[in-house]
Amino acid sequence: MAYRHILLAVDFSEHSERVIERAKDLAQQDRAELSVIHVVEYLPVVDSSFGPTVPLDVDLTEQMIEAARQRLDGVAERLAIPKNRRWVQVGSPKTEIIRIAKAQNADLIVLGSHGRHGIALMLGSTASSVIHHAECDVLAVRLKG
Ligand code: AMP
């Protein structure tokens, strides 16, 4: 059975090129639509002098979103992915990848076996959660190192 809509999750880590190429090949092979997502992680700033966590500055979040959008546009242009299938979300990568995949009726998610969260757990935290909780198929591209 051929896939019809593939969602590619990109974290811009040093290995993401392999994940991008794999999703591109699969989409060509199956003549599937390709969508791409990057999630800007919301990082609260901890400053002990203020006691509890202080939310990240709103302008900084906007800058991070804009920078992510530009980088994602670069990837999407190369893959000829139209603007309405490029997703820059803010929040938890695993939650947003699963949510967008479901909302857009993706039948395959392609991500790396690990990324910026390292290989300490062999299968990174995002990959592992998406595999366990997504409602569609998930391809975790094996990344070395
Ligand atoms: P991790 O499990 O967090 O090491 O990451 C595994 C894979 O999940 C990465 O290779 C990416 O494909 C995807 N991923 C991780 N973080 C993000 C993110 N912030 N936005 C989009 N995809 C991500």
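What you see as residue numbers is a count from 1 along each chain, following the sequence as written. The model is predicted, so local features are restricted to residues of pLDDT at least 70 and side-chain atom pairs to those at 80 or more, both for listing and for counting; the totals for chains, interfaces and linings are taken over all residues. The side-chain numbers reported here are obtained from all heavy atoms of the structure, hydrogens and water having been left aside.

**Brief notes about the overall build of the chain**
Stage number 1. A count of helical and extended segments in the chain gives four helices and five strands.
Stage number 2. Counting from the amino terminus, helix and strand elements in the chain follow one another as β-α-β-α-β-α-β-α-β.
Stage number 3. Buried positions account for 43% of the 145 residues belonging to the chain.
Stage number 4. Residue contacts are defined here by distance: any two heavy atoms, one from each residue, within 4.5 Å place the two residues in contact. Across the chain, contacts joining residues at least 24 apart in sequence account for 73% of those joining residues at least 6 apart.
Stage number 5. Accessible surface for the chain amounts to roughly 8600 Å². Of this, 53% is attributable to carbon and sulfur atoms. In this description a helix means any DSSP run of H or I spanning at least four residues, a strand means any run of E spanning at least two, and both kinds are numbered starting from the N terminus. Type-normalised accessible area, obtained with a 1.4 Å probe on protein chains alone, sets the label of each residue: buried when under 20%, exposed when over 50%, and partly exposed for intermediate values. Per-residue accessibility takes into account occlusion by the displayed protein chains alone, with areas from the Shrake-Rupley method and a 1.4 Å probe.

**Thoughts on the side chain of Glu 96**
Stage number 1. Mapped onto the elements, Glu 96 comes out in helix α3 (residues 93–103).
Stage number 2. With a relative accessible area of 10%, Glu 96 lands in the buried category.
Stage number 3. Polar contacts involving the side chain of Glu 96 include one to the side chain of Gln 89, which spans 3.3 Å.
Stage number 4. Setting aside its immediate chain neighbours within four residues, Glu 96 contacts Ile 37, Val 39, Gln 89 and Val 90. Definition of a polar contact: a pair of N or O atoms within 3.5 Å, with one able to donate and the other able to accept a hydrogen when the atoms are protein atoms, and with sequence-neighbouring residues admitted only if both atoms are side-chain atoms.

**What to know about the pattern of salt bridges**
Stage number 1. Salt bridges are counted wherever a side-chain nitrogen of Lys or Arg sits within 4 Å of a carboxyl oxygen of Asp or Glu. Taken as a whole and assessed by the stated rule, the structure comprises seven salt bridges.
Stage number 2. Each of the salt bridges in this network shares a partner with another, and the network as a whole consists of Asp 73, Glu 77 and Arg 86.

**Thoughts on the sheet that holds strand β1 (residues 5–9)**
Sheet strands line up and pair through hydrogen bonds in the backbone, either parallel or antiparallel.
Stage number 1. Should DSSP find at least two bridges between two strands, the strands are taken to pair. With parallel pairing, the five strands of this open sheet are ordered in space as β3-β2-β1-β4-β5. Bordering the open sheet on either side are β3 (86–90) and β5 (137–141), each of which pairs with just one other strand. Between one strand axis and the next, the sheet turns by 25 degrees as a mean value, whatever way the strands run.
Stage number 2. With five bridges connecting them, β1 and strand β2 (residues 33–40) associate as parallel partners. By the bridge assignment for β2, Leu 7 is matched with Ser 35.
Stage number 3. Across the sheet, α3 is in contact with β1, β2, β3 and β4 (108–112); its angle to β2 comes to roughly 150 degrees.
Stage number 4. Running at roughly 160 degrees to β4, helix α4 (residues 125–133) makes contact with β4 and β5 of the sheet. To get an axis, a line is fitted to the C-alpha atoms, and for a helix only the part in contact is used. The angle between two axes follows their N-to-C directions and goes from 0 to 180 degrees.

**Considering the pairing of β3**
Stage number 1. Counting buried positions along β3 yields four of five residues, so the element is predominantly enclosed.
Stage number 2. Both β2 and β3 contribute to a ladder of five bridges, which runs parallel. By the bridge assignment for β3, Ile 37 is matched with Trp 87.

**Let's talk about the side chain of Ser 35**
Stage number 1. Within the secondary structure, Ser 35 sits in strand β2.
Stage number 2. Not counting the four nearest positions on each side in its chain, Ser 35 is found in contact with His 5, Ile 6, Leu 7, Leu 8, Ile 81, Arg 85 and Trp 87.

**Some points on the environment of Tyr 42**
Stage number 1. Position of Tyr 42 among the secondary structure elements: in the loop between β2 and α2 (58–78).
Stage number 2. Given the relative accessible area of 40%, Tyr 42 is considered partly exposed.
Stage number 3. Note: C-alpha distance between Tyr 42 and Ser 92 (50 residues apart in sequence) is 7.3 Å.

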